[in-house]
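# A structural walkthrough
Next come the chains, spelled out residue by residue.
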Amino acid sequence: DQQVKQNSPSLSVQEGRISILNCDYTNSMFDYFLWYKKYPAEGPTFLISISSIKDKNEDGRFTVFLNKSAKHLSLHIVPSQPGDSAVYFCAPLIMNYGGSQGNLIFGKGTKLSVKP
Amino acid sequence: NAGVTQTPKFRILKIGQSMTLQCTQDMNHNYMYWYRQDPGMGLKLIYYSVGAGITDKGEVPNGYNVSRSTTEDFPLRLELAAPSQTSVYFCASSRLGEGSNQPQHFGDGTRLSIL
């Protein structure tokens, strides 16, 4: 049973437009929600995160929105650039060991293609 | 900055062979992790370690063993390779958190095929 669902395997967007990547989850105990970006033949790299007690976090062109009642979060990229073409993973975090360490639960990812 | 280094990058094993995937980090991170990623899937946690001498199972530990004798190194051992272990393996590390979301830093992966 998947705790994290990224229902769109792929997304194609024109350069300069907005990219919206969605993620749904089932476990209400997640403490944080992270987004990772992955290029082919490389490891994932951390992009942006949001605490479960917030509903929005912004970092430059990247904004993450959290709707706890709907158990849904989304990553907005504005404006999209060709270099943003990658696989994006939604990865909620459950804290262990008294809150000092956490384990990530990864979704299957969404492949974003930004066309010039 | 080397970050997290994994070796080898590629390996082909025969069924029943054993091997060790190496992972080392130079960021003095307390926490280290091993994941596997199968085609079209997200990463699944195999084992993790919160410090030297302390390891714990993740979601998919069967068929693997780990050890953590130093802060820097976290090798993953496959004792009897099986075709189901064909995957891309990622090692990651993170700093000691204080209730915060210290992001994990990943290596570039080891692509392992069992034939």
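Above this note sits the structure.
Residues numbered from 1 in each chain as written. Chains lettered and ligands numbered in written order. Predicted model: local features only at pLDDT ≥ 70, side-chain atom pairs only at ≥ 80, totals over all residues. Heavy atoms only, no water.

### Looking at the overall build of chain A
Condition: Secondary structure elements follow DSSP: runs of H or I of four or more residues count as helices, runs of E of two or more count as strands, with numbering from the N terminus. What the globule rule says is 2.2 Å times the number of residues to the power 0.38, and the radius of gyration is computed from C-alpha atoms. Categorising residues by exposure relies on relative accessible area from a 1.4 Å probe, with only protein chains included: less than 20% of the type maximum marks a residue as buried, more than 50% marks it as exposed, and the intermediate range marks it as partly exposed.
The number of helices and strands found in chain A is zero helices and eleven strands. Starting at the N terminus, the α and β elements of chain A follow one another as β-β-β-β-β-β-β-β-β-β-β. In summary, chain A has a C-alpha radius of gyration of 14 Å against a globular reference of 13 Å for 116 residues, a match within 12%. With the C-alpha coordinates aligned to their principal axes, the bounding extent of chain A is approximately 45 × 30 × 25 Å. Here chain A holds 116 residues, and the buried ones make up 47% of them.

### Considering a nonpolar patch on the surface
Residues and elements named next belong to chain A. Counted only if it meets this: Patch membership is restricted to residues that have no salt bridge and whose relative accessible area is over 30%. Joining uses 9 Å for like charges and 5 Å for the nonpolar side chains Val, Leu, Ile, Met, Phe, Trp and Tyr. Only the protein chains shown count as cover for residues, with accessible areas throughout obtained via the Shrake-Rupley method and a probe of 1.4 Å. Think of a salt bridge as a Lys or Arg side-chain nitrogen and an Asp or Glu carboxyl oxygen that are within 4 Å of each other.
A grouping of Ile18, Ile20 and Val78 is seen on the molecular surface, where their side chains present a nonpolar patch of about 230 Å² in accessible area. One can find valine 78 in the loop between β8 (72-77) and β9 (86-96). Taking relative accessible area as the criterion, valine 78 reaches 41% and is therefore assigned partly exposed.

### Describing the sheet that holds strand β7 (residues 62-67) of chain A
All names here are of chain A. So the rule is basically this: DSSP-based pairing: two strands are paired if at least 2 bridges between them are found.
With antiparallel pairing, the five strands of this open sheet are ordered in space as β1-β3-β8-β7-β6. Unpaired on one side and paired on the other, β1 (4-5) and β6 (56-59) mark the two borders of the sheet. For β1 and strand β3 (residues 19-25), the ladder comprises two bridges, and the chain directions are antiparallel. Paired with valine 4 across the two strands is tyrosine 25, which belongs to β3.

### Concerning the pattern of salt bridges
Counted by the stated rule, this structure contains four salt bridges over all chains. Of the charged contacts, one joins Asp38(B) and Arg36(B) as a salt bridge, the two residues approaching to 2.9 Å between their closest N and O atoms.

### So, the side chain of Ser80(A)
Convention followed: Residues adjacent in sequence count toward polar contacts only when both atoms are side-chain atoms; beyond that, a polar contact is any pair of N or O atoms within 3.5 Å, and within protein one must be able to donate a hydrogen and the other to accept it.
Residue position: Ser80(A) is located in the loop between β8 and β9. Among the polar contacts made by the side chain of Ser80(A), one reaches the main-chain carbonyl oxygen of Ile77(A) at a distance of 3.4 Å.

### Some points on the sheet that holds strand β7 (residues 64-66) of chain B
Residue and element names in this part refer to chain B. Formally: To define axes, lines are fitted to C-alpha atoms, for helices over the stretch in contact only, and angles between the resulting N-to-C directions are given on a 0 to 180 degree scale.
Taken together, four strands build an open sheet; the order of strands is β1-β3-β8-β7 and the sheet is antiparallel. Edge strands, defined here as strands with exactly one partner in the open sheet, are β1 (4-7) and β7. Taken pair by pair, the neighbouring strands of this sheet meet at an average axis angle of 20°, ignoring direction. Sheet topology note: the strand β3 (residues 19-25)/strand β8 (residues 76-78) ladder contains three bridges and is antiparallel. Within β8, the residue paired with leucine 21 across the bridge is leucine 76.

### Notes on the interface of chain A and chain B
Heads up, the rule is: For this analysis, residues touch if any pair of their heavy atoms sits within 4.5 Å. By convention, the term buried area covers the 1.4 Å-probe accessible surface removed from two parts as they join, with the contributions of both added. Three residue categories are used. Nonpolar comprises Ala, Val, Leu, Ile, Met, Phe, Trp, Tyr, Cys and Pro, charged comprises Asp, Glu, Lys and Arg, and polar comprises the others, including Gly.
With 24 residues of chain A at the contact, the number on the chain B side is 25 residues. The junction of chain A with chain B conceals about 1900 Å² of combined surface from both sides, 57% of it contributed by carbon and sulfur atoms. The interface formed by chain A and chain B holds zero salt bridges in total. Our count for the contact surface shared by chain A and chain B stands at two residue pairs in polar contact (both at pLDDT 80 or more). Taken together, the residues that form the side of chain A that touches chain B break down as twelve nonpolar, nine polar and three charged.

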